[in-house]
Amino acid sequence: SQLPGWSLRADGSLVVATGNDDALGVYTCTPYNSYGTAGPSRPTRVLLQDPPAFRVRPKLEYFQEVGRELVVPCEAQGDPPPTVTWLKVGSVGKSSAQVDGNGSLVLHPLTKEQHGVWECRATNRVATVTTATSVHVLGTSPHAVTNVSVLPLPLAANISWEPGFDGGFFQRFSVWYSPLVKPPPRAHHDWVSLPVPAGAQHLLVENLQPDTGYQFSVLAQNKLGSGPFSHIVTSVPRGSPVPTVPAERPAVPVGVLLSPPRALRASETPRGVLLRWDPPGPAPGALSGYALELRQDRGQWELLERAIPGTDTQVLVPGLIKDAFYEFRLVALAGSYISDPSNSVNISTAGMEVYPSRTQLPELLPQPVLAGVIGGICFLSVAVIFSTTAACIMNRRRAARGRKRRQGTAPCPPNPGNP
């Protein structure tokens, strides 16, 4: 008899609209025609299994100080039992996530690069289900702004952006800009920065020169320092032609910009990581220097050093965090020009003798916390010294009173003149 929701297709397939206990069992298929049948097919067994379902979901958001431990729960059940994995949304390559036996995400120590959206994924052979949470790492420098856009205006430009996470502190922004090609009197003028009013996410840059293209970037800062620069956006004020090189500067070809440093390479030394490179090709002006960027464990790029002399072809990075993975890249600076990044080089500090220094990423212990610890130790030391001194003074006074008391009660010596 045909059960409700069961049907047989023209090609012989059996369709069960809703799987339940009625569908369990062993099935065979028997084809036939007017001449009869060659017999049934081999038997096949139908089993019912459950897709994964979350028993414990993470909260929507978690806030924790950098350097501490953060455990984000995520438990799932199903038949067969599902496998729980974690992935940072938007990360490139393998993430540094650790998962305990219950499926919880363990981040220890918590780093700035682990800030963002994390996805918990439960998988078995039936299906895959996901849920997500946001991890906010406090006590760091700001993250880079995103979605920088430039609206060209007559001899002006309106710059807008979306702020990144502020690291748990109030952040301010500044807009940096520089013309692509400048007349000879200003050929070596550096980038110009303009402060942005507090709370604003846009800035009108006025008094731009005609017939000139401009590069724009946005920088975020808080009490712990500066975040990375945003991506550079190039724009030409509306109504101005595409930039051309003045006739009095024939040595600079039209459209030729500064090429990046070449053949960046890294080597380990007893003093740290030594980076070497070859200078860029012909520059549209004197090479003024280089800027070094790095990122840890495939996180966001950070500006490590912005004032490397243009005559140098190597730099020593004397201190990094142990058992970490680093990438380095270099950009060249020539007056108003900034090159694309060079090739990146990878360094793993696993097993290296490395020590903290001023060049490393933000410290695990924030400076306010460190100052509080040092102040507490100093206060306790002063209190112990004061208590010891007071006890000594009191003991001396007690001993002096005892000596006076004994002297006052001692017997008088006999007088020879008395019988």
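Refer to the preceding data block for the structure.
Residues numbered from 1 in each chain as written. Predicted model: local features only at pLDDT ≥ 70, side-chain atom pairs only at ≥ 80, totals over all residues. Heavy atoms only, no water.

Another aspect to go through is the overall build of the chain. A count of helical and extended segments in the chain gives 1 helix and 29 strands. Taking all 419 residues of the chain together, the buried fraction comes to 33%. Taking as baseline every contact in the chain between residues at least 6 positions apart, the subset at least 24 positions apart corresponds to 61%. When the accessible surface of the chain is summed, it comes to about 25400 Å², and 56% of that surface belongs to carbon and sulfur atoms. (Helix = DSSP H or I, 4+ residues; strand = E, 2+ residues; numbered from the N terminus. Buried < 20%, exposed > 50% of the residue type's maximum accessible area, 1.4 Å probe, protein only. Contact = heavy atoms within 4.5 Å. Areas by Shrake-Rupley, 256 points an atom, 1.4 Å probe, with all protein chains shown as cover.)

A word on the packing of aromatic side chains. The full count for this structure, using the stated rule, is 8 aromatic pairs. For the pair Tyr 177 and Tyr 214, a centre-to-centre distance of 6.1 Å together with 50 degrees between the ring planes defines the contact as tilted. Taken together, the residues Tyr 177 in strand β16 (residues 172–179) and Tyr 214 in strand β19 (residues 214–222) connect sequence positions 37 residues apart. Exposure class is identical for Tyr 177 and Tyr 214. Each is buried. Arranged with centres 6.2 Å apart and planes meeting at 35 degrees, the rings of Tyr 214 and Phe 216 form a pair that is tilted. Among the residues examined, Phe 216 registers a relative accessible area of 1% and is labelled buried. Each residue in the set Tyr 177, Tyr 214 and Phe 216 is aromatic and connected to the rest through ring pairs, giving one cluster. (Phe/Tyr/Trp six-rings, centres within 6.5 Å; stacked < 30°, edge-to-face > 60°.)

Of the two faces of strand β18 (residues 202–205), the one holding Leu 203 and Val 205 is buried and the one holding His 202 and Leu 204 is not buried anywhere. Where strand β15 (residues 156–162) lies against β18, 4 bridges are found, and the strand directions are antiparallel. Across the sheet, the residue bridging to Asn 158 is Leu 204, located in β18. (Pairing = 2+ DSSP bridges.)

Moving on: the state of the cysteines. In total, this model carries 1 disulfide according to the counting rule given. Residue pairing for Cys 74: its cysteine sulfur links by disulfide to Cys 120, the two sulfurs lying 2.0 Å apart. Between Cys 74 and Cys 120, the disulfide has an S-S torsion of -85 degrees and is therefore left-handed. With Cys 74 in the loop between β7 (70–72) and β8 (75–79) and Cys 120 in strand β12 (residues 116–123), this residue pair connects regions lying 46 residues apart in the sequence. (Disulfide = S-S within 2.5 Å.)

Among the surface-exposed residues, Leu 8, Leu 14 and Val 16 lie close enough to one another that they form a single nonpolar patch of about 270 Å² accessible area. Structurally, Leu 8 can be placed in strand β1 (residues 6–8). (Patch = residues over 30% accessible without salt bridge, like charges linked within 9 Å, V, L, I, M, F, W, Y side chains within 5 Å. Salt bridge = Lys/Arg side-chain N within 4 Å of Asp/Glu carboxyl O.)

The 4 strands are arranged β6-β13-β12-β9 in an open sheet whose pairing can be described as mixed. Of all strands in the sheet, those with a lone pairing partner are β6 (61–65) and β9 (83–88), marking the two edges. Averaged over neighbouring strand pairs, the angle between their axes works out to 30 degrees when direction is ignored. Relative to β12, β9 is paired through 6 bridges, and the arrangement is antiparallel. Opposite Lys 88, over in β12, you have Trp 118 as the bridge partner. (Axes fitted to C-alpha atoms, helices over the stretch in contact; angles between N-to-C directions.)

Along the polypeptide, Gln 98 turns up in strand β10 (residues 98–99). In sequence terms Gln 98 and His 108 are 10 residues apart; their C-alpha atoms lie 8.7 Å from each other. Among residues more than four places away in sequence, those in contact with Gln 98 are Ser 104, Leu 105 and Val 106.

Let us look at the pattern of salt bridges. Per the counting criterion, the structure on display carries 5 salt bridges. Two residues, Asp 278 and Arg 265, come together in a salt bridge whose shortest N-O distance is 3.8 Å. Here Asp 278, found in strand β23 (residues 272–278), pairs with Arg 265, found in strand β22 (residues 262–269); they are 13 residues apart in sequence, far enough to count as distant. A relative accessible area of 31% means that Asp 278 is categorised as partly exposed. For the salt bridge of Arg 295 with Glu 327, the shortest nitrogen-to-oxygen distance reads 2.8 Å. Residue Arg 295 is located in strand β24 (residues 289–296), and its partner Glu 327 is located in strand β27 (residues 325–334); the two are separated by 32 residues in the primary sequence. Here Arg 295 matches Glu 327 in class, with each residue buried.

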